[in-house]
Amino acid sequence: MGLCLYVGNRNYSSWSMRAGVLLRAYDIPFEEKLIRFDSFAPDSQFKKTALALSPTGNVPILMDSDVQNRRGEPLVINDTLSIFEYIAEKYPALSLWPSDLALRTQARNLCAEMHSGFNGLRNHCGMNIGADLSHAGAVIWRDQPHVRADVARIEAAWADCMDLSGGPFLCGGFSAVDAYFAPVVMRLKYFALPTSLKTTQSYMSAVCDHPAVSDWVDQAIVTAELLPIEEPYRLATDAAPAEA
């Protein structure tokens, strides 16, 4: 079977999108299986299914049946950064990270920063592909200084990378760091959060137009279902736009 990537609902699961876009972008053969979100409670079907595959009980989960541990079990990678590094080692000729040492280091720095930071944006603007969340986005932008600070930092980081690399992606050509930030682009787009730099819009357009991203987005929209646990805004009655 080779590589199998277990993902959550494609319109909601930002971590799944990162791994799914990476594998698509580099034409790596893999099977993709959905573990539907129903709840994140310990007794939910999602948690039961995910925990049967990985001790963390989260997605994405990458299983490689071509590589086995000492017990004869297929290799399981259950963290997005680890998945990226594993794929980079398994397919070194694909150059998932930039060849330039300085750009490669900056790309890894940014992925690590995204992995552990930007909590304001992540907590208030959960990924929701295809939904018009502009009204909620206006309220969030008005009321949440941490979101505004996160977006400012993201814009500055993107602009710095593109200035050093020449664009159109963060390190020139599409690489792992762009797959990592694809869900951020989705958040900025569907919440219609204000951006202040021209480089932000050009980068967002380049990411959205990339075949690996557009394929994920198309599938997310086709397979989307409205799950109350993931809809703090579309099911709310008070998500009105900010006053002019």
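Use the structure listed above.
Criteria and thresholds
Residues numbered from 1 in each chain as written. Predicted model: local features only at pLDDT ≥ 70, side-chain atom pairs only at ≥ 80, totals over all residues. Heavy atoms only, no water. Core = buried A, V, L, I, M, F, W, Y, C linked by side-chain atoms within 4.5 Å. Buried < 20%, exposed > 50% of the residue type's maximum accessible area, 1.4 Å probe, protein only. Helix = DSSP H or I, 4+ residues; strand = E, 2+ residues; numbered from the N terminus. Contact = heavy atoms within 4.5 Å. Pairing = 2+ DSSP bridges. Axes fitted to C-alpha atoms, helices over the stretch in contact; angles between N-to-C directions. Phe/Tyr/Trp six-rings, centres within 6.5 Å; stacked < 30°, edge-to-face > 60°. Lys NZ or Arg CZ within 6 Å of the ring centre and 35° of its normal.

A. Structural detail: the nonpolar core. Residues Met17, Ile87 and Trp158 are the most contacted members of the largest nonpolar core, which totals 66 residues. In terms of residue count, the dominant contributor to this core is helix H8 (residues 176–190) (11 residues). If near-sequence neighbours (up to four positions away) are discounted, tryptophan 158 is found in contact with Leu170, Phe181, Val184, Val185, Leu188, Thr200, Tyr203 and Met204. If you look at the next biggest cluster of nonpolar residues, it comprises 11 residues, including Ala50, Val59, Met63 and Leu227.

B. Structural context of the sheet that holds strand S3 (residues 61–68). Spatially, four strands are ordered S2-S1-S3-S4 in an open sheet, and the strand pairing comes out mixed. Strands with a single pairing partner mark the edges of an open sheet, and in this sheet they are strand S2 (31–34) and strand S4 (74–77). Averaged over neighbouring strand pairs, the angle between their axes works out to 25° when direction is ignored. Looking at chain direction, S3 and S4 are connected through four bridges and run antiparallel. The residue bridging glutamine 68 from the neighbouring strand is proline 74, located in S4.

C. Fine view of the packing of aromatic side chains. Using the criterion set out here, one finds nine aromatic pairs in the structure. Geometrically, the ring pair formed by phenylalanine 37 and phenylalanine 40 is edge-to-face, given 5.0 Å between the ring centres and 70° between the ring planes. Residue classification places phenylalanine 40 among the partly exposed positions, given a relative accessible area of 38%. For the ring pair phenylalanine 191 and tyrosine 233, a centre distance of 5.7 Å and an interplane angle of 85° mean the geometry is edge-to-face. Of this pair, phenylalanine 191 sits in the loop between H8 and helix H9 (198–209) while tyrosine 233 is found in the segment after helix H10 (211–223), placing the two residues 42 residues apart along the sequence. Site record: aromatic cluster; members linked through ring pairs are Trp15, Phe84 and Tyr180. The lysine or arginine in question, arginine 18, covers the ring of tryptophan 15, its NZ or CZ lying 4.3 Å from the ring centre.

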